[in-house]
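What the coordinates show
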Amino acid sequence: MTFATAKRFSIAEYDRLAELGFFESDNRFELIRGEIIKMAAKGRFHSVCNTLLVEELIILLARRARVRVQEPIILSDDTEPEPDVVIARSRSDNYVSSHPESADILLVIEVSDSTLKYC
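Only a predicted model underlies this, so the values are computations on that prediction, with no experimental measurement involved.

Some words on the packing of aromatic side chains
Pairs of aromatic rings are described using the distance from one ring centre to the other and the angle between the two planes. Scanning the entire structure with this criterion turns up three aromatic pairs. With a centroid separation of 5.5 Å and an interplanar angle of 55 degrees, the aromatic rings of Tyr 14 and Phe 23 are classed as tilted. The class of Tyr 14 is buried, set by a relative accessible area of 7%. Seen in terms of ring centroids, Phe 22 and Phe 23 are 5.3 Å apart; in terms of plane orientation they differ by 85 degrees. Their pairing is edge-to-face. Classification of Phe 22 by relative accessible area gives exposed; the value is 55%.

This is the structure:
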């Protein structure tokens, strides 16, 4: 008996698919353990929580670290999630050369009632 095996993607392959326009422009995706996952739509409660949280963090951190909102982070060669909020070390290039990696990340915050199943 033959079974189908799902294709697992690396970050490089995932980025190339995005460059080629593979993903629908009105949907957001992230790469989790090699799987391309469509991100859940954000409801009003989620948006309000995120906004209030980010406002407070920016005030509390006073430029001592970067507050990144719904931006990619690199956790491994096949995992590039986009958490709601990441506090990352300040870097002189402001992460132009690459997304924050594990060593750069001080705190990850996910405002969620759905994604906890696979994170």
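Read on, since the account is not over.
Points about the sheet that holds strand S3 (residues 65-69)
Read across the open sheet, the three strands follow the order S3-S4-S5; overall the sheet is antiparallel. Either end of the sheet is taken by a strand with one partner, and the two such strands are S3 and strand S5 (105-109). Across the sheet, the mean angle separating the axes of adjacent strands is 15 degrees when strand polarity is ignored. Of the strand pairs in this sheet, S3 and strand S4 (residues 85-89) are connected by five bridges, and their pairing is antiparallel. Directly across from Arg 66, in S4, lies its bridge partner Ala 88. Along the sheet, helix H2 (residues 44-61) makes contact with S3, S4 and S5, crossing S3 at roughly 170 degrees.

Observations concerning unusual backbone geometry
Its identity is not glycine, yet Asn 94 carries a phi of approximately 55 degrees, on the positive side. Turning to its location among the elements, Asn 94 is positioned in the loop between S4 and S5. For Asn 94, a relative accessible area of 42% gives the class partly exposed. One non-glycine residue with positive phi stands out, namely Tyr 95, at about 70 degrees. By the secondary structure assignment, Tyr 95 is in the loop between S4 and S5. Using a relative accessible area of 6% as the deciding quantity, one classes Tyr 95 as buried.

Conventions and cut-offs
Residues numbered from 1 in each chain as written. Predicted model: local features only at pLDDT ≥ 70, side-chain atom pairs only at ≥ 80, totals over all residues. Heavy atoms only, no water. Phe/Tyr/Trp six-rings, centres within 6.5 Å; stacked < 30°, edge-to-face > 60°. Buried < 20%, exposed > 50% of the residue type's maximum accessible area, 1.4 Å probe, protein only. Pairing = 2+ DSSP bridges. Helix = DSSP H or I, 4+ residues; strand = E, 2+ residues; numbered from the N terminus. Axes fitted to C-alpha atoms, helices over the stretch in contact; angles between N-to-C directions. Contact = heavy atoms within 4.5 Å.

Any functional reading would require information that these geometric values do not contain.
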